[in-house]
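Listed here are the chains, written in short residue letters.
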Amino acid sequence: MDSIIKNCLESMSGVIRGKDNEVRLAICCFLARGHLLIEDLPGMGKTAMALSFSRLLGLEYQRIQFTSDLLPADILGVSIFDQSASDFQFKPGPVFTGMLLADEVNRASPRTQSALLEAMEERQVTVDGEARMLPKPFIVIATQNPVFQEGTFALPESQQDRFLMQIHMGYPDTESEKAILKGEAGRLCLNSLEQAMTAEELLLLQEEVDKVSASDLLLDYILRLLKATRSEEHFEVGLSPRAGLALLQAAKAWARIDGRTYVVPEDVQTVFLPVARHRLTTSKHGISPGELLARVNVMV
Amino acid sequence: MNAKKKKVMSPAVSRYATLWLLLAQVMVALPVFDVLPATVLPLIALTLLWRVLIWFGRGFWPNVVIRIVLVACSFGLIITGLGWTFSLEMAVTVLVTGYALKMLEMVTRRDAMIVAFIGFFVTGAAGLYSQSLSQAAYLVLCIGVLVAAVHAIYSSPDQRSIKVSGRFAGLMVLQTLPLTIVLFVFVPRLGPLWAVTWPDSSKQTGLSDTLKPGDVASLSQSYELAFRAQFKGGMPLPDQRYWRALVFDQYNDGQWSQTKLDTVRRQYPDVVVSDSDWQVKKSSAVSWWQNQPDGYDYEILLEPSGSEWLPTLGPAASAIADSTLFRTMRIEAERPVFERKLYRPSSEQIDPVSVSMPAWLREVNTTLPDTGNEESRYFARQLFEESEGDPLVMGWSILKFFNQSTFYYTLSPPLMGRDEVDDFMFRYQKGFCEHYASSFVFMMRSVGVPARIVTGYQGGDLLPEDNVIRVLQRDAHAWAEIWVDGEGWIRFDPTTAVAPERVELGIDEMISRGRLEQTELPLAYHLRNTQVLKFLRNQWEGLEYRWQKSVIQYQEDTQEDYMRQLFGTAAYYWHQMTVLGGLMVIFLSLYGVFFLLSKKSALSVHQKLWLSLEKKLARKGYHREPGEGPAAFADRICLENPALGEKLKPVISRYIRSAYGKTDDLDKAEFQSLKSAISQI
């Protein structure tokens, strides 16, 4: 199993240059059964990364380009009258897939956004009064442009919460960018990517993550972190218990990627920013989540 | 003061804390409520109402202009209410008004703390006005509420409940109690570095310096405490309990007053040559009479009266510390009594036969206006002739007249005219002790017998378990003394002739037996006379007495006595300091032990182990940042000091495995070896 993870990471580094940490975080997110939100400016490799993962993980792949006139039915599917059978037939939408890339998710209207986000949480879709299960595993990778860009509908806090992690791509370093310019990375290499993992292996890995243990000492540290976010001076709204669970699950997944069967504080620290950043709003005179991490005592 | 600017400095105060502060404000202001002039009360009420409206989100925060107007208004109102002279009342009023106004600009935590501290200050000011047990208990409660308010100011949202704040404050107050008691008992009393002048001498209670009809009658309805007397050994019987306070021997225009030193020096410049002919400060200088050493041994705890008189049981034989003895057998304090005063009157008794009576003194005690009250003068002459010039027989026959005519004893006598003695004797025949005493003295004087009125208190309730007699303002009484050659001053209580029970039973019993014509009985009278209430009242007053005597009166002298009793040597002061220091050390070490224990017990074995490692590394100059995990810490040390890092890294990774790995049960052997590995670093 460890070799599979290693394989994944190596293959990805060929496509997405200089973003090893982000790739690792993304895999961590999938192992923790979470959905991933990638936020950055256009052209930073968001879509390329999402595409690469679909190939690597060998999941059925669908992509929806979100636009302002996209309707819920375009995602979930519709019932069409079949004259031969003289009955309504359900035509499943693109959401019935293993991996869904929701590109530029914040360009769609809130109504459409919420259709997708409900499917993410419930892992089932209700159309015409009938609940239909989504396949397992079901992973959503959403990309969004920063909200200050034109023509965007910001995701409400409650919906941002549905994403286990939010990562930023950021500009590549000079060396990586040079490699990209030389054509040693990007879309061209993408096609040559080979599947590194099957859906069954992914489910197995997710179960292994659940078995990673967290000692009382570590849980106390997580509790201290949560408590610190709830003091009203720094953040307008603190982290919810769901966020606490997400933090623990992500830390477990990170420990698993490292090949450990137990979580250490550094795991929590690594996943804290991607897990917590999109859930916290720093108040006027508060501190950033990163500074909070530096202030909360790890040991006592 | 810009609210925005302040917000940067300190976070806003929570609604929950504001509620506590409002409660504390109302509670703290109550004891000083009757000190405040009526003019500022509406302002304070308005301010509080405003703050409550803001709390409910219905009001707006006053801006600078409104606040300035409010402050100006409050100063105006205070000046209108109290005038321009600076007094304690004014200081307290300014404090309380400021306390209320400050609520209107209480935006941040810092403001809230200031408000809370003013609250503590006002609590202290309330202690100036009353130090009774009930007041003390109430003020401790106020302090508790203020502590809870301070707790509320700094509480995080999940701690905001009345239970949590109340518990915290209660524990804190209870924890300070033992230390308070030790400090109270052992810290040497120093005299005040500065003293507050108490200019409000209008607050006299009890007897007044002059005697006019109606004075004593109004007094007798008051159930306020006048003083308490504690006896060692024998106690006087009820009919011997004449507490002497003032002696009236000057009569002018229907008003009796006391003879002053100036008066006699002016009137008798040839014979009254020195002060000591009228008053002395030291008992040794008395040449007016001889003393016998067989009186009662007792102490008096006098409530503040605003006057100088000090009551004594019977005639005062000699002066005590800080007091003046007058030739009228009474003592006076040097300053008006504004605080409770504990004193021990001389236990000596005057030998009545030895009292000297020079001619001028005889003249003072027989002087009457030339005219007025002709009927009474005529009546007195008749009686004097009938008794063949014997003043004692004459006295008895006046008493007989009171007894056999239709005289009534009443709490609300009618107003007398210009010839008030005639009116009383022959027209209305209704009056209180002072009417009987003054008429008696008038008639005695009119036939040349020296006579004077003595006022003070008569009777009092016995609290047998404490050997204490408690005297209330309603026990105020007036009686007469006449001079009999060869026998000295003889006490006559004309009131006994009309109502003998008045002297034997006290006023309560008389009213209940219907012997007293009473138009309006105070409600308090009915309340006082159920058995349960009586019992409770006696218990409470006994408690209050002990509080006054052992706590409030625990001053320099009593402390010195107590310390001498405790240590029995001249060097008691050093013993006192040693005990104080020793107790402090014990307290501090107990506190330290508890502190350490409470902190230790919250830590797991791994945390303790880690802290010991951290301590070792700190000695080498490596301090872990709070947000640094063990592995990151090890990595940093590796970079800075590879030699140490090499030794450290395996130990830390073992620690990580032990602390964060499988936690179902601790591998004791591994933990012990890790422990020894850490101790070797």
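Residues numbered from 1 in each chain as written. Chains lettered and ligands numbered in written order. Predicted model: local features only at pLDDT ≥ 70, side-chain atom pairs only at ≥ 80, totals over all residues. Heavy atoms only, no water.

A.B. asks: Any chance you could explain helix α4 (residues 64-82) of chain B here in plain terms?
C.D. replies: Counting along an α-helix, one turn takes 3.6 residues, and residues three or four places apart therefore face a common direction. Residues and elements named next belong to chain B. For α4, with 19 residues, the first-to-last C-alpha span of 27 Å sits near the 27 Å given by 1.5 Å per residue. Listed as buried for α4 are R67, L70, S74 and I78. All buried residues of α4 lie within an arc of 70 degrees about the axis, which places them on one face of the element. Exposed positions of α4 whose direction lies more than 90 degrees from the buried face are V65, I68 and T80. Buried residues in α4 make contact with α3 (41-55) and α5 (88-102). Measuring from the side-chain oxygen of the N-cap residue of α4 to the backbone nitrogen of V65 gives 3.2 Å; that N-cap residue is N63. One or two residues past the end of α4 sits G83, with phi positive at roughly 80 degrees. (Helix = DSSP H or I, 4+ residues; strand = E, 2+ residues; numbered from the N terminus. Expected span 1.5 Å × (residues − 1). Buried < 20%, exposed > 50% of the residue type's maximum accessible area, 1.4 Å probe, protein only. Arc of directions from axis to C-beta. Contact = heavy atoms within 4.5 Å. Polar contact = N/O pair within 3.5 Å; in protein donor to acceptor, adjacent residues only side chain to side chain.)

A.B. asks: I'm lost on the nonpolar core in this one. Help?
C.D. replies: Nonpolar side chains in soluble globular proteins tend to be buried together. M49, F53, I141, M165 and V271 of chain A are the most contacted members of the largest nonpolar core, which has 100 residues in total. Examining the composition of this core, we find that ten residues originate from one element, helix α11 (residues 241-257) of chain A, more than from any other. For I141 of chain A, the contacting residues outside a window of four places in its chain are F30, L36, I38, A50, F53, M99, L100, L101 and A102 of chain A. In this structure, L207, L325, V337 and A497 of chain B belong to the second largest nonpolar core, which totals 85 residues. (Core = buried A, V, L, I, M, F, W, Y, C linked by side-chain atoms within 4.5 Å.)

A.B. asks: Teacher, can you tell me more about the packing of aromatic side chains here?
C.D. replies: Here a ring pair, both rings aromatic, is described through the centre-centre distance and the interplanar angle of the planes. Evaluated as defined, the whole model comprises 37 aromatic pairs over all chains. Between the aromatic rings of F407 of chain B and F424 of chain B, the centroid separation amounts to 5.5 Å while the plane-to-plane angle is 50 degrees, which identifies the pairing as tilted. With F407 of chain B in the loop between α13 (391-404) and β15 (408-409) and F424 of chain B in helix α14 (residues 420-428), the pair connects residues that are 17 residues apart, well separated along the chain. Note on accessibility: F407 of chain B and F424 of chain B belong to one class, buried. The ring of W254 of chain A carries R24 of chain A above its face, with NZ or CZ at 5.1 Å from the centroid. The ring of F90 of chain A carries R132 of chain A above its face, with NZ or CZ at 3.9 Å from the centroid. (Phe/Tyr/Trp six-rings, centres within 6.5 Å; stacked < 30°, edge-to-face > 60°. Lys NZ or Arg CZ within 6 Å of the ring centre and 35° of its normal.)

A.B. asks: I keep staring at the pairing of strand β17 (residues 451-458) of chain B and nothing clicks. Help me out?
C.D. replies: Remark: a regular strand shows side chains that alternate across the two faces of the sheet. Residue and element names in this part refer to chain B. In terms of residue burial, β17 counts as a mostly covered element, since eight of its eight residues are buried. Across seven bridges, the pairing between β17 and strand β20 (residues 476-484) is antiparallel. Paired with V454 across the strands is W479, a residue of β20. (Pairing = 2+ DSSP bridges.)

A.B. asks: What should I look at first to understand helix α12 (residues 374-386) of chain B in this one?
C.D. replies: Residues and elements named next belong to chain B. The end-to-end C-alpha distance of α12 is 19 Å, a good match for the 18 Å that 13 residues give at a rise of 1.5 Å each. Those residues of α12 lying buried are S376, R377, F379, A380 and L383. Angular distribution of buried residues about the axis of α12 spans 165 degrees; they occupy a single face of the element. Once α12 ends, the next one or two residues include E388, with phi positive near 50 degrees.

A.B. asks: How should I be thinking about the environment of E374 of chain B in this particular structure?
C.D. replies: All names here are of chain B. With respect to the element layout, E374 can be found in helix α12. Residue class for E374 comes out partly exposed when judged on its relative accessible area of 44%. When the C-alpha positions of E374 and D419 are compared, they lie 8.3 Å apart, and in sequence the two are 45 residues distant.

A.B. asks: Could you clarify how one ought to interpret the environment of E39 of chain A in this entry?
C.D. replies: Residues and elements named next belong to chain A. Note on placement: E39 falls in strand β1 (residues 36-39). Spatially, the C-alpha atoms of E39 and H168 are 5.2 Å apart, while their sequence positions differ by 129 residues. In this structure the side chain of E39 is engaged in a polar contact, spanning 2.9 Å, whose partner is the side chain of Q144. There is a polar contact of 3.3 Å between the side chain of E39 and the side chain of Q166.

A.B. asks: Would you take a moment to explain the pattern of salt bridges for this structure?
C.D. replies: Considering all chains together, one arrives at 31 salt bridges over all chains under this definition. R260 of chain A is the partner of D258 of chain A in a salt bridge, and the nearest nitrogen-oxygen pair spans 2.9 Å. Looking at R260 of chain A, the relative accessible area reads 19%, which means it is buried. Of the charged contacts in the structure, one is a salt bridge between E303 of chain B and R228 of chain B, with a shortest N-O distance of 3.7 Å. With E303 of chain B in the loop between β8 (297-302) and β9 (309-310) and R228 of chain B in strand β2 (residues 225-232), this pair connects stretches of sequence that are 75 residues apart. By the burial criterion, E303 of chain B is buried, and R228 of chain B matches it. (Salt bridge = Lys/Arg side-chain N within 4 Å of Asp/Glu carboxyl O.)

A.B. asks: What exactly am I supposed to notice about the interface of chain A and chain B here?
C.D. replies: Where interface size is quoted, it is often the accessible area lost as the parts come together. Across the boundary between the two partners, chain A contributes 19 residues, which contact 25 residues of chain B. Summing both sides of the interface, chain A and chain B together bury roughly 1900 Å²; the carbon and sulfur share of this comes to 61%. By the criterion of area lost to chain B, the three top residues of chain A are L217, Y262 and M299 of chain A, representing 31% of everything that side buries. Our count for the contact surface shared by chain A and chain B stands at zero salt bridges. Put simply, chain A and chain B have eight residue pairs in polar contact (both at pLDDT 80 or more) between them. Mapped by element, the contributors of at least two residues to the side of chain A that touches chain B are α10 (216-230), α12 (265-276) and α13 (289-295) of chain A. (Buried area = accessible area lost by both parts, 1.4 Å probe.)

A.B. asks: It is not clear to me how the side chain of R244 of chain B should be interpreted in this structure. Could you clarify?
C.D. replies: Residue and element names in this part refer to chain B. Position of R244 relative to the elements: it lies in strand β3 (residues 242-248). On the basis of relative accessible area, R244 is assigned to the buried category, the value being 2%. Within the structure, the side chain of R244 is placed 2.9 Å from the backbone oxygen of M329, a separation counted as a polar contact.

A.B. asks: Any chance you could explain the sheet that holds β3 of chain B here in plain terms?
C.D. replies: Hydrogen bonds between backbone groups are what pair the strands of a sheet, and the pairing can be parallel or antiparallel. Residues and elements named next belong to chain B. The five strands lie next to each other as β10-β3-β17-β20-β21, forming an open sheet whose pairing is antiparallel. Sheet topology places β10 (312-313) and β21 (488-492) at the edges, where each strand pairs with a single neighbour. Sheet analysis places β3 next to β17, joined by six bridges and oriented antiparallel. Residue R244 lies in a different strand from β17, and its bridge partner there is G456. Contacts from helix α15 (residues 433-446) reach β17, β20 and β21, with the element oriented near 15 degrees to β20. (Axes fitted to C-alpha atoms, helices over the stretch in contact; angles between N-to-C directions.)

A.B. asks: Explain the confidence of the model for chain B to me, please; I cannot follow it from the model alone.
C.D. replies: Reading predicted coordinates in detail is not appropriate for stretches of low pLDDT. Residues and elements named next belong to chain B. In the predicted model, chain B carries a mean pLDDT of 82, and the fraction of residues at 70 or more is 88%. Confidence, read as mean pLDDT per element, is least for helix α1 (residues 3-9) in chain B (44) and greatest for helix α7 (residues 133-153) (93). Counted against residues more than four places away or in other chains, residues 1-8, with its pLDDT under 50, gives seven contacts. Between residues 197-203, whose pLDDT stays under 50, and residues either more than four places distant or in other chains, the model counts 13 contacts. Overall fold confidence for the complex sits at a pTM of 0.47, while the interface term, ipTM, reaches 0.82. (pLDDT = per-residue confidence, 0-100.)

A.B. asks: I keep staring at the sheet that holds strand β5 (residues 99-103) of chain A and nothing clicks. Help me out?
C.D. replies: Residue and element names in this part refer to chain A. The strand order across the open sheet built from five strands is β2-β5-β8-β1-β9, with neighbouring strands paired in parallel fashion. In this open sheet, the two strands that pair with only one neighbour each are β2 (61-65) and β9 (165-168). Recorded for the sheet is a direction-independent mean angle of 20 degrees between the axes of neighbouring strands. Across four bridges, the pairing between β1 and strand β8 (residues 139-144) is parallel. Along β8, the bridge assignment pairs L37 with A142.

A.B. asks: Would you explain unusual backbone geometry in this entry?
C.D. replies: A negative phi angle characterises most non-glycine residues, just as the trans form characterises most peptide bonds. With omega at -10 degrees, the peptide bond leading from K136 of chain A into P137 of chain A counts as cis. Tracing the backbone through its elements, the reader meets P137 of chain A in the loop between β7 (130-133) and β8. Positioned with a positive phi, R123 of chain A is a non-glycine residue whose angle comes to about 55 degrees. Along the chain, R123 of chain A falls in the loop between α5 (110-122) and β6 (124-127). Of note, Q429 of chain B is a non-glycine position whose phi angle comes to about 55 degrees, a positive value. On the secondary structure map, Q429 of chain B appears in the loop between α14 and β16 (430-431). Owing to a relative accessible area of 12%, Q429 of chain B belongs among the buried residues under this scheme.

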